[in-house]
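# Notes for the structure review
As a plain string of letters, each chain reads:
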Amino acid sequence: VALLHAVHAFAAVLYGAIAVAMGFINKAVMSVYGMEESNFLLLTQMVVTALVLFALRGAGKVQFAPITVVQAKKLLPVAILYNANVAFALASLAKVSVPTYNTLKRLTPAVVLIANSVLRLRDPPSNEVVTSIAVVVAGCLLAGYGDLEFDLGGYVMGLTSCALQASYLLVVERSGAEKGMDSVSIMVYNALLSAFPLFVLVLLTGELRAGVDRLVLLSDDLGFVCLFALALAAGMLLNYALFLCTLTNSALTTTVVGVLKGVVSTGLGFFLLAGGVAPSATQLLGIIGNTAGGVFYSLVTFREKNAHRRVKLKMSDADLAGKS
């Protein structure tokens, strides 16, 4: 039991640590070195992920089932939504600060709440959940109003990423597309299914040529080469850590870790790669409120989930007692 708890904790800590590092690594690649071709960066991460996993399988280090058309069709919508979310998130991160980016990303539960209300996918949420989401939204609006470096494109891309992430979570939950699959298999399908659409996208938008030219131009810069290699490795590890945390623990635990990651990342973002303009008092107040709302939301959902689990266990025990 102790070993099982240790594995669960390790998966959660691994995801949180890599997620925090990944945000700053990508931000450094795009801001410090001016690599604005975010879709090209995502494409290289997916290609490297696929190549490394197949190489590891060939060496007998990892195992995953053969690729099938049936499973690929089942996972295609999920893979497209996931990578579209990441693509817009990267594009947003390139234009706004890390704290602002985290503030925008905390709006995902609000999008899920709206979708559930309109489509009637779940029972109405509790007043505490609605209140916490309202605080998140209010904090985001206040932060945006006080943002002295307001970039409309960055905000729009961040909000689009939230909508896509919410769609991904709802599709996975409703379809059960990833049910019964291990984290490595999900990574392989995700990388393969996203590579071709991303390649077509960067080819049509000119990012492929621009990205290759930038790599050639900066190939003599050891700092960039090391950072770019780290971004590729971190991209692969983040996907693995995300799926591992979800499969080992639960989607709720992954969400809670994601919120806590956002708190740490937001705090560090005021000191690392912060840019030349200090946040205004209004923006700072909005970010703090947004962060507090996110933490409150995580605590409420975690408590409600545990309460629901205890009720199911009691009902199960009652049924067993009645049969005996």
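Heads up: the structure comes first, above all this text.
In short, a report on the structure. No experiment lies behind these values; they were computed from the predicted model shown. (Residues numbered from 1 in each chain as written. Predicted model: local features only at pLDDT ≥ 70, side-chain atom pairs only at ≥ 80, totals over all residues. Heavy atoms only, no water.)

## Some remarks on the nonpolar core
So the rule is basically this: The nonpolar core is taken to be a set of buried Ala, Val, Leu, Ile, Met, Phe, Trp, Tyr and Cys residues, with the residues joined through side-chain atoms within 4.5 Å. Each residue gets one of three labels from its accessible area relative to the maximum for its type: buried under 20%, exposed over 50%, partly exposed in between, using a 1.4 Å probe on protein chains only. Here a strand is any run of E in DSSP of at least two residues, a helix any run of H or I of at least four, and the numbering for each starts at the N terminus. Here a residue-residue contact requires only that any non-hydrogen atoms of the pair lie within 4.5 Å.
Residues Tyr15, Val29, Leu42 and Phe228 are the most contacted members of the largest nonpolar core, which totals 67 residues. Those elements that provide at least two residues to this core are helix 1 (2–32), helix 2 (38–58), helix 3 (69–93), helix 4 (98–105), helix 6 (127–145), helix 7 (152–175), helix 8 (183–205) and helix 10 (222–248). In terms of residue count, the dominant contributor to this core is helix 10 (12 residues). Phe228 has contacts with Val29, Met35, Leu41, Thr44 and Leu215, leaving out every residue within four places of it along the chain. The next biggest cluster of nonpolar side chains, apart from the first, holds 6 residues, and it includes Ala110, Leu113, Ile133 and Tyr297.

## Concerning the packing of helix 2 against helix 10
The test is simple: Fitting a line to C-alpha atoms yields each axis, with helices limited to the stretch in contact; the angle taken between N-to-C directions then spans 0 to 180 degrees. An angle below 35 degrees is treated as roughly parallel, one above 145 as roughly antiparallel, one from 65 to 115 as roughly perpendicular, and anything else as oblique. A clockwise turn of the near helix away from the far one marks a right-handed crossing, whereas an anticlockwise turn of less than a right angle marks a left-handed crossing.
The interhelical angle for the contact between helix 2 and helix 10, taken along N-to-C directions, is 65 degrees, at an axis separation of 9 Å. Considering the angle they form, helix 2 stands roughly perpendicular to helix 10. Helix 2 and helix 10 meet at a crossing whose hand is right-handed. For the pair formed by helix 2 and helix 10, the contact residues are Leu41, Thr44, Gln45, Met46, Val48, Thr49 and Val52 on the first element and Phe228, Ala231, Leu232, Gly235, Met236 and Asn239 on the second.

## Thoughts on the pattern of salt bridges
Going by this rule: A side-chain nitrogen of Lys or Arg and a carboxyl oxygen of Asp or Glu constitute a salt bridge if their distance falls within 4 Å.
Under the criterion given, the structure shown has 2 salt bridges. Residues Arg214 and Glu37 are paired through a salt bridge, measuring 3.0 Å at the closest nitrogen-oxygen approach. Placement of Arg214 in helix 9 (residues 207–217) and of Glu37 in the loop between helix 1 and helix 2 is noted, with a sequence separation of 177 residues between them. The partner of Asp213 in a salt bridge is Arg209, with the nearest N and O atoms 3.6 Å apart. Of this pair, Asp213 and Arg209 are both found in helix 9, 4 residues apart, which corresponds to roughly one turn of the helix. Classification of Arg209 as exposed rests on a relative accessible area of 63%.

## Regarding helix 10
Count 3.6 residues to each turn of an α-helix, and residues three or four apart come out pointing the same way. As a reminder of what qualifies: Expected helix span is computed as 1.5 Å times (number of residues minus one). In the analysis that follows, any N or O atom pair within 3.5 Å is treated as a polar contact, provided that within protein one partner can donate a hydrogen and the other can accept it, and provided that, for residues neighboring in sequence, both atoms belong to side chains.
Spanning 27 residues, helix 10 covers 38 Å between terminal C-alpha atoms, matching the ideal 39 Å at 1.5 Å per step. Between a side-chain oxygen at the N-terminus of helix 10 and the backbone nitrogen of Gly223 the separation is 3.0 Å; the capping residue is Asp221.

## A short note on the environment of Phe54
Within the secondary structure, Phe54 sits in helix 2. Sequence separation between Phe54 and Phe64 is 10 residues; the distance between their C-alpha atoms is 9.3 Å. Non-local contacts of Phe54, meaning those with residues more than four positions away in its chain, are made with Phe64, Ile67, Val188 and Leu192.

## A closer look at the packing of helix 2 against helix 8
Our working rule: Under the grouping applied here, Gly and all other residues not named as nonpolar or charged are polar, the nonpolar ones being Ala, Val, Leu, Ile, Met, Phe, Trp, Tyr, Cys and Pro and the charged ones Asp, Glu, Lys and Arg.
It is at 8 Å that the axes of helix 2 and helix 8 come closest, and there the two elements cross at 140 degrees. If you check the angle between helix 2 and helix 8, you find them oblique. The handedness of the crossing between helix 2 and helix 8 comes out as left-handed. On the side of helix 2, the interface is formed by Asn39, Phe40, Leu42, Leu43, Met46, Thr49, Ala50, Leu53 and Phe54, while helix 8 contributes Val184, Met187, Val188, Asn190, Ala191, Leu192, Ser194, Ala195, Leu198, Phe199, Leu201 and Val202. Along the lines of polarity and charge, the residues of the contact of helix 2 with helix 8 split into 17 nonpolar, 4 polar and no charged.

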